[in-house]
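One-letter residues, chain by chain:
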Amino acid sequence: MDEELKCPVCGSLFKEPILLPCSHNVCLMCARNITVQTPDGETPAQSRASGSSDYDYLDMDKMSLYSETDSGYGSFTPCQLKSPNGVRVFPPVLPQRHCSLTCPLCHRSVSLDERGLRGFPRNRLLESIVARCQQNRASSSSSSSSGAPKCQLCDRNPVDATVMCEQCDVYYCGACQQRCHPSRGPLAKHRLVPPPRQAAAGGAAMAPGGGQQPPVAARKPATCVDHEAENFSMYCCSCRAPVCTKCLEEGKHGKHDVRPLAVMWKQHKCQLSQALNGVSDKAKDAKEFLVQLKNMLQQIQENGVEFEACFVAQCDSLIEALTRQKAKLLTKVTKEKEYKLKVVRDQITHCTMKLRQTTGMMEYCLEVLKENDPSGYLQISDALIKRVTSSQDQWVKGALEPKVSSDFDLVLNTDSLLQTILQLDFCHGKVEPGPSVPAAPLLQLEKCCTRNNSATLAWRVTVPTSNPIDGYILELDDGNGGQYREVYVGRETVCTVDGLHFNSSYNARVKAYNTIGVGPYSKTVVLKTSDVAWFTFDPSSAHRDIVLSNENLTVSCNSYDDRVVLGTAAFSKGVHYWEVRIDRYDNHPDPAFGVARINTMKDMMLGKDDKAWAMYVDNNRSWFMHNSHTNRAEGGINKGSTVGILLDLVKRTLTFYINQKQHGPTAFDSLDGVFVPAVSLNRNVQVTLVTGLEVPKNLNQ
């Protein structure tokens, strides 16, 4: 209610308020300050746009007024001069300026007559309310405070206030007033007054002698403006103003609708009460709306934090997907590079071997040409000529050309993806439900299992989608917690992955896709392969002369020439040990044992090419073989002997044992890649494979 009791000009509580024709109120002193003079006959100039919040009513040079014509109000003449006998007379035209006053709220202008501001009725009702409000404040101040008011802005130990701002309703000490409420800028118009002291408040609340203050005397009834000795007794409905009996006797309101003042007072009170009921309902709605807005502030704050987190998660998922794709593409580049390097290295090795053979043959032929024995020369010349011709045929044009190019024929087109990223933006409004990507599949743990170095996974769909699922993508990591790679893409919901590392833990996940896009990943499942390698001989890759029995654990041969058979396991990491038992050994053959690549030659002794690493052994001695034989060692095998093979891909070495004793030095080192157990033998030998063995701790060195 304080805003209703403050003057719009000075901002303080009303003092001697007067009622303007527009029903607004101003203090009598403030009305004098905003009254301006205009030359005789001159209409006040039209003011600036109404409603301006920085209108300076105290600056007369800047104040502008609405004319009577523009405002819709005629000149208000509170009274007219009358002679003592009651005859109306008009005031003489004096060569002086007319005065006008503009309402500071609605900017309507009104001209003053000779009586000036005394012609406006005094709002005694408002004055009484202000006085009652001040009295209540003084009483409450005297009952709640035992001393002078304290500064309300001091942080600790507040001191006595020196001033109070009537507009801010705040007490300030001298230091806080200079710091927080300087008399400049927008605060220059605020009115600073001395704070009320307790003694004054107590004196206002207590009568002399300590008794209660007498009640405020009843105010005098309002008198007629035209007849100051007459009280208002009637109300003119046409003029909307209270009148006295003399006004009625003079006939001023003769044809107007005049009713008793008390009746109209009760009627207007009833109208105001009814209007207040409507306003009260609106105020109640406004309070509820404010509560709703405050709740909305909290909701916006929470939703904003949640949306920011969701947005960051979406961006992180995009970055993660790009990182995964980057790793996948880098793997392709690495594989391409390794393939080219391997091809070139193999070509260098092959060419070097043929060149060494050719050079040796040429040196030998030159030495033969130096001999002077015709019969001896003719005895070997035909064979030498055939060898030289055959060697020349080996150096055909294709043999002297690189098999691969040094350039990488891989092109990554990022223009469309970059354009999509630059066009990434928010979509306003709710997203209507429509076709969506599939939900994350559920891995069925009861059906997921491992056997040896193979893993079987099964999954199912949990939530049906409007668009049918086109397929699934199964991904496994490298067994060391590294990057995931795709191992299966198709429509089946069961998949077996072979060729995994032994004694390794793999993380597996699956996702579904349809025509809309790719769905999210399932939860990750961990699968551990066997600690030791169990495998047999592989009949699918064995030479046709190889004979397998005993569930592919025992092997023999139908040919007198050496033939190769491989195992079903492949190793690229870890330490592995297996043995081969000699079941039959006739006529002192020399079988070979070791490891090989999957594409090693199968129709000759193991180790004679560059794709196998082996030891061939007879009953007395052995040699290591990789392209050529080296490191002869004494000691051989017989029926019942066991040959052990230790492949250590941590140290990248291959070591051989006979009857649990190391045979010779470490055979090979610097091994890298994928290796398959291998054996070569002829018809004079039969061996049996023994697997699933742990690396012995007590092998004799």
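Residues numbered from 1 in each chain as written. Predicted model: local features only at pLDDT ≥ 70, side-chain atom pairs only at ≥ 80, totals over all residues. Heavy atoms only, no water.

A.B. asks: Before we go on, may I ask you to explain the overall build of the protein in this structure?
C.D. replies: Counting its secondary structure elements, the protein contains nine helices and 32 strands. Every one of the 701 residues in the protein was classed for burial, and the buried ones make up 33%. At a minimum sequence separation of 6, the contacts of the protein that also span at least 24 residues come to 59%. Surface accessibility of the protein: about 44100 Å² in total, with carbon and sulfur atoms responsible for 54%. (Helix = DSSP H or I, 4+ residues; strand = E, 2+ residues; numbered from the N terminus. Buried < 20%, exposed > 50% of the residue type's maximum accessible area, 1.4 Å probe, protein only. Contact = heavy atoms within 4.5 Å. Areas by Shrake-Rupley, 256 points an atom, 1.4 Å probe, with all protein chains shown as cover.)

A.B. asks: Sorry, what's going on with the pattern of salt bridges here?
C.D. replies: Two side chains of opposite charge can pair, provided their charged atoms sit close to one another. Enumeration over the complete set of coordinates arrives at 18 salt bridges. When the shortest N-O distance is used, the salt bridge between Arg563 and Asp561 registers 3.9 Å. You can call Asp561 partly exposed: its relative accessible area is 46%. A salt bridge links Lys611 to Asp610, with the shortest nitrogen-to-oxygen separation between them at 3.5 Å. Note on Lys611: relative accessible area 22%, which makes it partly exposed. With a relative accessible area of 23%, Asp610 lands in the partly exposed category. A single network of salt bridges, built from pairs that share partners, joins Asp545, Asp561 and Arg563. (Salt bridge = Lys/Arg side-chain N within 4 Å of Asp/Glu carboxyl O.)

A.B. asks: Mind showing me how you'd approach the pairing of strand S20 (residues 546–549) here?
C.D. replies: Side chains on a regular strand alternate between the two faces of the sheet. In terms of strand pairing, S20 meets strand S21 (residues 554–557) through four bridges, oriented antiparallel. Bridge assignment links Val547 to a residue of S21, and that residue is Ser556. As consecutive antiparallel partners, S20 and S21 are separated by four residues, and within that stretch Asn550 has a phi angle of approximately 55 degrees, a positive value. (Pairing = 2+ DSSP bridges.)

A.B. asks: How should the sheet that holds strand S19 (residues 525–528) be read in this particular structure?
C.D. replies: Through backbone hydrogen bonds, the strands of a sheet pair up, either in parallel or in antiparallel fashion. The strand order across the open sheet formed by four strands is S16-S15-S18-S19, and the pairing between neighbours is antiparallel. Among the strands making up the open sheet, the edge pair consists of strand S16 (485–490) and S19. Each adjacent strand pair in this sheet contributes to an overall mean axis angle of 30 degrees, direction not counted. Of the pairings in the sheet, the one linking strand S15 (residues 471–476) to strand S18 (residues 505–513) comprises six bridges and is antiparallel in character. Across the sheet, residue Gly471 finds its bridge partner in S18, namely Tyr513. (Axes fitted to C-alpha atoms, helices over the stretch in contact; angles between N-to-C directions.)

A.B. asks: What is the right way to look at the nonpolar core in this model?
C.D. replies: Soluble globular proteins: nonpolar side chains tend toward being buried together. Grouped together as the largest cluster of nonpolar side chains are 38 residues, with contacts concentrated most on Phe571, Phe593, Leu647, Leu654 and Val687. When residues of this core are traced back to their parent elements, those giving at least two are S21, strand S23 (575–585), strand S24 (592–596), strand S25 (612–617), strand S28 (642–648), strand S29 (653–658), strand S31 (676–681) and strand S32 (685–693). Here the element with the most residues in this core is S23; it accounts for four residues. Filtering out sequence-adjacent residues up to four positions away, Phe571 remains in contact with Phe502, Ala533, Phe535, His576, Trp578, Leu647, Leu649, Gly673, Val674, Phe675 and Pro677. (Core = buried A, V, L, I, M, F, W, Y, C linked by side-chain atoms within 4.5 Å.)

A.B. asks: Would you mind going over the packing of helix H7 (residues 261–370) against helix H8 (residues 374–394) with me for this structure?
C.D. replies: The angle between the axes and the distance between the axes are what describe a pair of packed helices. Their axes nearest at 11 Å, the elements H7 and H8 cross at an angle of 150 degrees. Of the possible angle classes, the one that applies to H7 and H8 is roughly antiparallel. Considering the relative orientation of H7 and H8, their crossing is left-handed. Where H7 abuts H8, its residues Lys354, Thr358, Met361, Tyr364, Cys365, Val368 and Leu369 lie against Tyr377, Ile380, Leu384, Arg387, Val388, Ser391 and Gln394. (Parallel < 35°, antiparallel > 145°, perpendicular 65-115°, else oblique. Left-handed = near helix turned anticlockwise from the far one by under 90°.)

A.B. asks: Got a minute to help me understand the pairing of strand S22 (residues 563–566) in this structure?
C.D. replies: Burial along S22 is two-sided: Arg563 and Val565 and Val564 and Leu566, pointing in opposite directions, are all buried. One ladder, built from four bridges, connects S22 with S31; its direction is antiparallel. The residue bridging Val565 from the neighbouring strand is Val679, located in S31.

A.B. asks: Would you mind going over the side chain of Thr691 with me for this structure?
C.D. replies: By the element assignment, Thr691 lies in strand S32. A distance of 3.4 Å separates the side chain of Thr691 from the backbone oxygen of Phe535, its partner in a polar contact. When neighbours within four sequence positions are excluded, Thr691 is seen to be in contact with Ala533, Trp534, Phe535 and Trp578. (Polar contact = N/O pair within 3.5 Å; in protein donor to acceptor, adjacent residues only side chain to side chain.)

A.B. asks: Would you explain the sheet that holds S20 in this entry?
C.D. replies: Strand order in the open sheet made by the seven strands is S20-S21-S32-S23-S28-S29-S30, with antiparallel pairing throughout. Because the sheet does not close on itself, it has two edges, and the strands there are S20 and strand S30 (661–662). Pairing geometry for S23 and S28, over seven bridges, is antiparallel. Looking at the pairing, Arg581 lines up with Thr642 of S28.

A.B. asks: Is there a simple way to explain unusual backbone geometry in this structure?
C.D. replies: Glycine aside, a negative phi is what most residues show, and trans is what most peptide bonds show. Despite not being glycine, Glu16 shows a phi value in the positive range, around 50 degrees. Mapped onto the elements, Glu16 comes out in the segment before strand S1 (17–19). Owing to a relative accessible area of 39%, Glu16 belongs among the partly exposed residues under this scheme. The phi angle at Asn627 is positive, at roughly 75 degrees, despite the residue not being glycine. Its place among the elements puts Asn627 in the loop between strand S26 (621–626) and strand S27 (628–634). The class for Asn627 is partly exposed, based on a relative accessible area of 27%.

A.B. asks: Explain the confidence of the model for the protein to me, please; I cannot follow it from the model alone.
C.D. replies: As a note on interpretation, predicted positions should not be read in detail where pLDDT is low. Taken residue by residue, the protein gives an average pLDDT of 81. The fraction at 70 or more is 85%. Low pLDDT, under 50, characterises residues 43–95; the predicted model gives this stretch 92 contacts beyond four residues in sequence or across chains. This model gives residues 198–214 a pLDDT under 50, and the stretch forms 17 contacts once residues within four places in sequence are excluded. (pLDDT = per-residue confidence, 0-100.)

A.B. asks: Whenever I open this one, the packing of aromatic side chains confuses me. Can you help?
C.D. replies: Working definition: an aromatic ring pair is given by the centre-to-centre distance plus the angle between the planes. One pass over the structure, following the stated rule, counts 11 aromatic pairs. Where Trp459 meets Tyr472, the ring centres are 5.8 Å apart and the plane angle is 65 degrees; that geometry is what we call edge-to-face. Placement of Trp459 in strand S14 (residues 454–460) and of Tyr472 in strand S15 is noted, with a sequence separation of 13 residues between them. Residue classification places Trp459 among the buried positions, given a relative accessible area of 1%. The buried category is assigned to Tyr472, whose relative accessible area is 7%. Here the aromatic rings of Phe502 and Phe571 are separated by 5.7 Å at their centres, their planes lie at 45 degrees, and the arrangement is tilted. Of the two residues, Phe502 is situated in the loop between strand S17 (494–497) and S18 and Phe571 in the loop between S22 and S23; the sequence distance between them amounts to 69 residues. Considered together, Phe502 and Phe571 belong to a single accessibility category, that of buried residues. Taken together, the ring pairs connect Phe502, Phe535, Phe571 and Trp578 into an aromatic cluster. When the ring centre of Tyr521 is taken as reference, the NZ or CZ atom of Arg509 above it lies at 3.7 Å. (Phe/Tyr/Trp six-rings, centres within 6.5 Å; stacked < 30°, edge-to-face > 60°. Lys NZ or Arg CZ within 6 Å of the ring centre and 35° of its normal.)

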